[in-house]
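Structural overview for review
So you can see what is in the structure, the chains are spelled out below.
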Amino acid sequence: MSNPEFNITIDKKGKLKVEISGVQGEECMQLADLIKNIIGQEESREKTSEYYGPGSHVQIKATVQNKHHS
Amino acid sequence: MSAVCVLTPIVISSWPAISTAILGVASTMGYTVVTTEKKQKKLFAPKQNSIELQMENSEVLEESFGSGEKMIIEKDGVQVEFSRTPKGTCSICVTGEKQSKAKLKEIGEEISGRVIQQFAYHKLMTELKDRGYAIVDESVSADQSIQVRVRSIE
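Residues numbered from 1 in each chain as written. Chains lettered and ligands numbered in written order. Predicted model: local features only at pLDDT ≥ 70, side-chain atom pairs only at ≥ 80, totals over all residues. Heavy atoms only, no water.

**A few points about helix α1 (residues 25-39) of chain A**
- Between its first and last C-alpha, α1(A) extends 22 Å over 15 residues, near the 21 Å set by a 1.5 Å rise per residue.
- Among the residues making up α1(A), those that are buried are A:Gly25, A:Cys28, A:Met29, A:Leu31, A:Ala32, A:Leu34, A:Ile35, A:Ile38 and A:Ile39.
- Packing partners of the buried residues in α1(A) comprise β1 (5-10), β2 (16-21) and β3 (40-47) of chain A together with β1 (3-9), α2 (101-130) and β9 (133-140) of chain B.
- Immediately downstream of α1(A), the backbone of A:Gly40 shows phi near 130 degrees, a positive value. (Helix = DSSP H or I, 4+ residues; strand = E, 2+ residues; numbered from the N terminus. Expected span 1.5 Å × (residues − 1). Buried < 20%, exposed > 50% of the residue type's maximum accessible area, 1.4 Å probe, protein only. Contact = heavy atoms within 4.5 Å.)

**Some remarks on the sheet that holds β9(B)**
- With antiparallel pairing, 6 strands are arranged side by side in an open sheet as β3(A)-β1(B)-β2(A)-β1(A)-β10(B)-β9(B). Two strands in the sheet have a free side with no partner beyond their single neighbour: β3 of chain A together with β9 of chain B. Pairwise comparison of adjacent strand axes, ignoring direction, gives a mean angle of 20 degrees for this sheet.
- The strands touched by α1(A) within the sheet are β1, β2 and β3 of chain A together with β1 and β9 of chain B, with β3(A) carrying the most contacts at an inclination of about 155 degrees. (Pairing = 2+ DSSP bridges. Axes fitted to C-alpha atoms, helices over the stretch in contact; angles between N-to-C directions.)

**A word on the pairing of strand β8 (residues 90-96) of chain B**
All names here are of chain B.
- Most of β8 is tucked away, with 7 of its 7 residues classed as buried.
- With burial as the criterion, each face of β8 is covered, one bearing Cys90, Ile92, Val94 and Gly96 and the other bearing Ser91, Cys93 and Thr95.
- Pairing geometry for strand β4 (residues 50-54) and β8, over 5 bridges, is antiparallel. Looking at β8, one finds that glutamine 54 is bridged to serine 91.
- Between the end of strand β7 (residues 78-84) and the start of β8, which pair antiparallel, lie 5 residues, with glycine 88 showing a positive phi angle near 100 degrees.

**What about the interface of chain A and chain B?**
- Of the residues lining the interface, 41 residues belong to chain A; the matching set on chain B comes to 35 residues.
- Of the roughly 3400 Å² buried between chain A and chain B, counting both surfaces, carbon and sulfur atoms make up 59%.
- Together, A:Ile10, A:Lys12 and A:Ile38 form the three largest contributors to the area buried by chain A at its contact with chain B, with a combined 19%.
- Applying the counting criterion to the chain A and chain B interface returns 2 salt bridges.
- Counting the contacts that link chain A with chain B gives 25 residue pairs in polar contact (both at pLDDT 80 or more).
- Among the secondary structure elements, those contributing two or more residues to the side of chain A that touches chain B are β1, β2, α1 and β3 of chain A.
- Top contributing element to the side of chain A that touches chain B by residue count: α1(A), with 9 residues.
- Per-class residue counts for the side of chain A that touches chain B are 17 nonpolar, 10 polar and 14 charged.
- Of the strand pairs in this sheet, β3(A) and β1(B) are connected by 7 bridges, and their pairing is antiparallel. Among the inter-strand pairings, A:Ser44 is bridged to a residue of β1(B), identified as B:Val6. (Buried area = accessible area lost by both parts, 1.4 Å probe. Salt bridge = Lys/Arg side-chain N within 4 Å of Asp/Glu carboxyl O. Polar contact = N/O pair within 3.5 Å; in protein donor to acceptor, adjacent residues only side chain to side chain. Nonpolar A, V, L, I, M, F, W, Y, C, P; charged D, E, K, R; others polar.)

Next up, the structure:
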């Protein structure tokens, strides 16, 4: 169950840095869109490792190579 | 954290909302409000030392701003006048007898930034509260940046 949280820093020139936590995947992007719609102009958006949490659909393919040492 | 976003506010609003931000900044920076009346004569003669700049990414909605409305704040002989340009942007005119134009520009840019900061803070907090978020913690750091932690309470 998500528990969205924003850590917001607004500098003295008005520029904002918003850290979104407590949510993963598409829900995180929806919250980022919400902030952008409220504030106006998004300069950058960076996903972190938490974004790819259990809520997102990630497929991992792994192969194991057997090496014989003589 | 799942994502980090960097944003620049676009100040599109009615004059009352912008003037509220100006009043907040005036209070914290030690400025006194001289006047908010229409068609007020400038306290300094027209040829006084002054500079004019536009607040970035700003628009004052016309229907809420009558012609001639302005807000003037003053501190230590420096007068800062906020008004709406014909194009709809927020104009800032900084006047001072004893300061250089460079210093007046610095003062204007600082105040402009702080007004944008206040506007962004209040708009964001209002919108998030309407969506079921509450402020958990907030502080102002030495560099005058505002830190706020907001959490969903729904």
